[in-house]
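These are the residues of each chain, in order.
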Amino acid sequence: MQASFPEAGIKPNHTLTKMKYSKRDFFYVTEMLHSPGFGWDSNENKVVVEDEVWNELIRDRPQVRHYRDMQFPKFNQLGHIFGLREN
C-alpha cells in the first residue's frame, strides 16, 4: 500500500489497526444478528431491535452500546473479507 500510494502516508500499522476494528465490529454485529430479537435494516445498514432486548444486551455487554444506531454500509463486504458470508 505504501509503495503504491507513498503520498498518502499509509503505514502498515494503519491498515492492521483498521482491519482489527473492522473485524471486531463485524463479529459483534454478526453475534447480535444471530440473537433473538435482532434484525437488519438493509436500507439503513444497521441493526434493529426493540428497546427491551437492547437494554438487556447492554446490561451484559456495555461495550456494544454504540452499535445501536451505527450504520455498517460495508457489512456484507466485510463478511466476504473474513470468509463468513456467501454471495
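Look up a bit, the structure's there.
Note that the coordinates shown come from a computational prediction; the quantities given were computed from them, not determined experimentally.

Draft legend 1. Molecular detail of the overall build of the protein. In terms of helices and strands, the protein carries 3 helices and 2 strands. Ordered by position from N to C terminus, the α and β elements of the protein give α-β-β-α-α. Going through the 87 residues of the protein one by one, you find that 25% of them count as buried. Here the analysis covers contacts within the protein between residues at least 6 apart in sequence; of these, 44% occur between residues at least 24 apart. Of the roughly 6500 Å² that the protein leaves accessible, carbon and sulfur atoms contribute 51%.

Draft legend 2. Fine view of helix α2 (residues 51-60). Taken as a whole, α2 has its buried residues at W54, L57 and I58. Mapping the buried residues of α2 onto a view down its axis gives an arc of 90°, with all of them on the same face. Facing away from the buried side of α2 by over 90 degrees, the exposed positions are E52, R59 and D60. The secondary structure elements touched by the buried residues of α2 are α1 (12-33), β1 (38-41) and β2 (46-49).

Draft legend 3. Main features of the nonpolar core. V29, M32, F38, W54, L57, V64 and Y67 are the most contacted members of the largest nonpolar core, which has 16 residues in total. At the level of secondary structure, the elements contributing two or more residues to this core comprise α1, β2, α2 and α3 (75-81). Of the residues forming this core, the biggest block, 4 residues, is contributed by α1. Each residue touching M32, except ones within four places of it in the same chain, is listed here: F38, V47, W54, L57, V64 and Y67.

Draft legend 4. Structural view of the pattern of salt bridges. Evaluation of the coordinates by the stated rule reveals 3 salt bridges. Note that R24 is salt-bridged to D25, the shortest N-O span being 2.9 Å. A relative accessible area of 16% means that D25 is categorised as buried. Two residues, R68 and D51, come together in a salt bridge whose shortest N-O distance is 2.8 Å. With a gap of 17 residues between them, R68 in the loop between α2 and α3 and D51 in helix α2 connect regions that are remote in the sequence.

Calculation criteria
- Residues numbered from 1 in each chain as written.
- Predicted model: local features only at pLDDT ≥ 70, side-chain atom pairs only at ≥ 80, totals over all residues.
- Heavy atoms only, no water.
- Helix = DSSP H or I, 4+ residues; strand = E, 2+ residues; numbered from the N terminus.
- Buried < 20%, exposed > 50% of the residue type's maximum accessible area, 1.4 Å probe, protein only.
- Contact = heavy atoms within 4.5 Å.
- Areas by Shrake-Rupley, 256 points an atom, 1.4 Å probe, with all protein chains shown as cover.
- Arc of directions from axis to C-beta.
- Core = buried A, V, L, I, M, F, W, Y, C linked by side-chain atoms within 4.5 Å.
- Salt bridge = Lys/Arg side-chain N within 4 Å of Asp/Glu carboxyl O.

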